[in-house]
Amino acid sequence: MKYKIARKDGNRNAQLSGALDETFEKASDELLARLGDGHVVFDMTGVTRINSIGYHQWVRFLKALSAKATFELEACSVELLAYVNLLPVLSFASRVTSVRIPYVCKHCGKAVEPSFQLEEIDEGGATRPLICPGCNGIMEAEVSVPSLLAFRDAEGG
Ligand SMILES: [Zn+2]
């Protein structure tokens, strides 16, 4: 797991990249020391895969961080949300602000994974219509969006 910290709009922006696995423990100590207080925006775009060891370290890290800072989680992948859905409260599901949803075009097979803000996805899981950049066809989500966002109900909104 690698990370990059930058200042952005008065917040700290932490870009994570690589696997969220047992290698996160070392990074998490450094991150805690470097992030300090204030508000942290985690950009999860670069997280390639997750295992349960890494995920447990991640939750422990967020708990420690929440004692001194506030944070939000941007561009969460389907894999990360599967973990969040297992234990929404412990996972700080309420801090998820945007999610990446894989879409595929039924006509030409093109695949994309755009990021959606949670507030632009309605309760039934409907998102804005996505037009295929290859053939202008309508693209469809490859996953069930309501199941992906099940943690929203678990938290009571
Ligand atoms: Zn297409």
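Above this note sits the structure.
Figured I'd write up the structure that's included with this text. If you're wondering where the values come from, they're calculated on a predicted model, not measured in any experiment. Starting from 1, residues in each chain are numbered consecutively following that chain's sequence as written. Only residues with pLDDT of at least 70 get local features here, since the model is predicted, and only at 80 or more are side-chain atom pairs given and counted; chain-wide, interface and lining totals rely on the full set of residues.

Structural notes on the sheet that holds strand E6 (residues 103-105)
Here comes step 1: Strands are labelled as partners when DSSP assigns at least two bridges between them. A run of H or I in DSSP becomes a helix once it reaches four residues, and a run of E becomes a strand once it reaches two; helices and strands are each numbered from the N terminus. Strand order in this open sheet of 4 strands is E7-E6-E10-E9, and the pairing throughout is antiparallel. Either end of the sheet is taken by a strand with one partner, and the two such strands are strand E7 (111-112) and strand E9 (130-131).
Here comes step 2: Examined bridge by bridge, E9 and strand E10 (residues 138-141) share 2 bridges and lie antiparallel to one another. Note that in E10 the partner of Ile131 across the bridge is Ile138.

Focus on the pairing of strand E4 (residues 69-74)
Here comes step 1: When strand E3 (residues 38-50) meets E4, the two strands line up parallel, connected through 6 bridges. Bridging across to E4, Val40 finds its partner in Phe71.
Here comes step 2: By convention, orient the strands away from the viewer: a clockwise path from the first strand over the helix to the second makes the crossover right-handed. The parallel pair E3 and E4 is bridged by helix H2 (residues 52-66), and the resulting crossover is right-handed.

Quick look at the sheet that holds strand E1 (residues 2-8)
Here comes step 1: Judged by pairing direction, the sheet is mixed, and its 4 strands sit side by side in the order E1-E2-E3-E4 without closing on themselves. Edge strands, defined here as strands with exactly one partner in the open sheet, are E1 and E4. Strand-to-strand twist in this sheet, taken as the mean axis angle between neighbours without regard to direction, amounts to 25°.
Here comes step 2: Taken together, the 7 bridges between E1 and strand E2 (residues 11-20) define a ladder with antiparallel strand orientation. Residue pairing in the sheet places Lys8 in a bridge with Asn11 of E2. Think of each axis as a best-fit line through the C-alpha atoms, taken over the contacting stretch in the case of a helix, with angles from 0 to 180 degrees between the N-to-C directions.

Without other data, these values stay purely geometric and don't point to any function.
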